[in-house]
Amino acid sequence: MPRPHEDLERHTLTDHRPGGQIVPLRPDTWWAIEVAHVAAERAGAGVATYETLIEKARASAAKVHEAVVLRSHNNRRVIAMLHVDGHEAYRHIASAWDDHHLSAERHAVAESRSLALYRLTATDGEAAIDPDSKDGCAFEHLLLAVERVLPVATALVAAPGFRGASIFGTDDGSASAIVYRFTNIEAIQAFRATPEAQRILGPTGGTGETFYPVHPVRTFSVSS
């Protein structure tokens, strides 16, 4: 059975099977990242929507390279990450996605969403997203300039079970994002509970939650 989709009339042919190839995360690349807050029962529809939006973007003139769709373990977040050429490609995507979401408002999957352009500022360890990996993976979204977040790299690398991390920052310094991998989710939770992580990234479990254990649902490589 296909996943439900919010915009069936304009649905393009998209392979919704999970998986894909390993997507490397390289410093000094540009990434359009959207975080969608969804009701848990709509997470599958959210994933399908972003898979289709990514396929449309890759078929357009937006110059999209690799892309990733992540889903949080609690099914309340769907995260789309697209490697783009820069600001012009990002503006093309932002305009197209705004039009899509506005036209589909009556059948909207997302309760709220935030799209921004980030530069991948720093990486450590095995900086890649592998949909077949059994590692634990987490995504952080922070309303902090990347310079204030970069010191967490030292604590990440020293933490037991660390595998790899990528730290992103927006041009205007208004937000940062981190994707990191450990051997398992328990190691991630242990790291996030340390005083150093909480000092830089803030506590988890509050009303302003920014920390999401996630797993890659689908990746799109240059050759796919």
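Owing to the predicted nature of the structure, the values given are computational and were not obtained by experimental measurement. (Residues numbered from 1 in each chain as written. Predicted model: local features only at pLDDT ≥ 70, side-chain atom pairs only at ≥ 80, totals over all residues. Heavy atoms only, no water.)

(A) The overall build of the protein, seen in detail. Helix and strand content of the protein: 6 helices and 10 strands. Burial analysis of the protein (224 residues in total) assigns 53% to the buried set. Long-range pairs, those at least 24 residues apart, make up 79% of the contacts in the protein with a sequence separation of at least 6. About 10500 Å² of surface is accessible on the protein, with carbon and sulfur atoms providing 52% of the total. (Helix = DSSP H or I, 4+ residues; strand = E, 2+ residues; numbered from the N terminus. Buried < 20%, exposed > 50% of the residue type's maximum accessible area, 1.4 Å probe, protein only. Contact = heavy atoms within 4.5 Å. Areas by Shrake-Rupley, 256 points an atom, 1.4 Å probe, with all protein chains shown as cover.)

(B) A look at the side chain of glutamate 140. Topologically, glutamate 140 is positioned in strand β7 (residues 136–142). Of the residues examined, glutamate 140 reaches a relative accessible area of 0% and is grouped as buried. A distance of 2.5 Å separates a polar atom in the side chain of glutamate 140 from a polar atom in the side chain of arginine 192. Once residues lying within four places of it in the same chain are set aside, the contact partners of glutamate 140 are Ser176, Ala177, Ile178, Tyr180, Arg192, Leu201, Thr210 and Phe211. (Polar contact = N/O pair within 3.5 Å; in protein donor to acceptor, adjacent residues only side chain to side chain.)

(C) Focus on the nonpolar core. Within the largest apolar cluster, 27 residues are counted, with the highest numbers of intra-cluster contacts made by Tyr50, Ile54, Leu82, Val84, Ile93 and Trp97. The set of elements that each furnish at least two residues to this core consists of β2 (30–38), α1 (43–59), β3 (64–72), β4 (77–84), α2 (87–103), β5 (110–125) and β10 (211–220). Sorting elements by how many residues they give to this core places α1 first, with 6 residues. Within the second largest apolar cluster, 24 residues are counted, among which are Val149, Ala165, Tyr180 and Ala187. (Core = buried A, V, L, I, M, F, W, Y, C linked by side-chain atoms within 4.5 Å.)

So, to be careful, I would describe these as geometric facts and stop short of saying anything about function.
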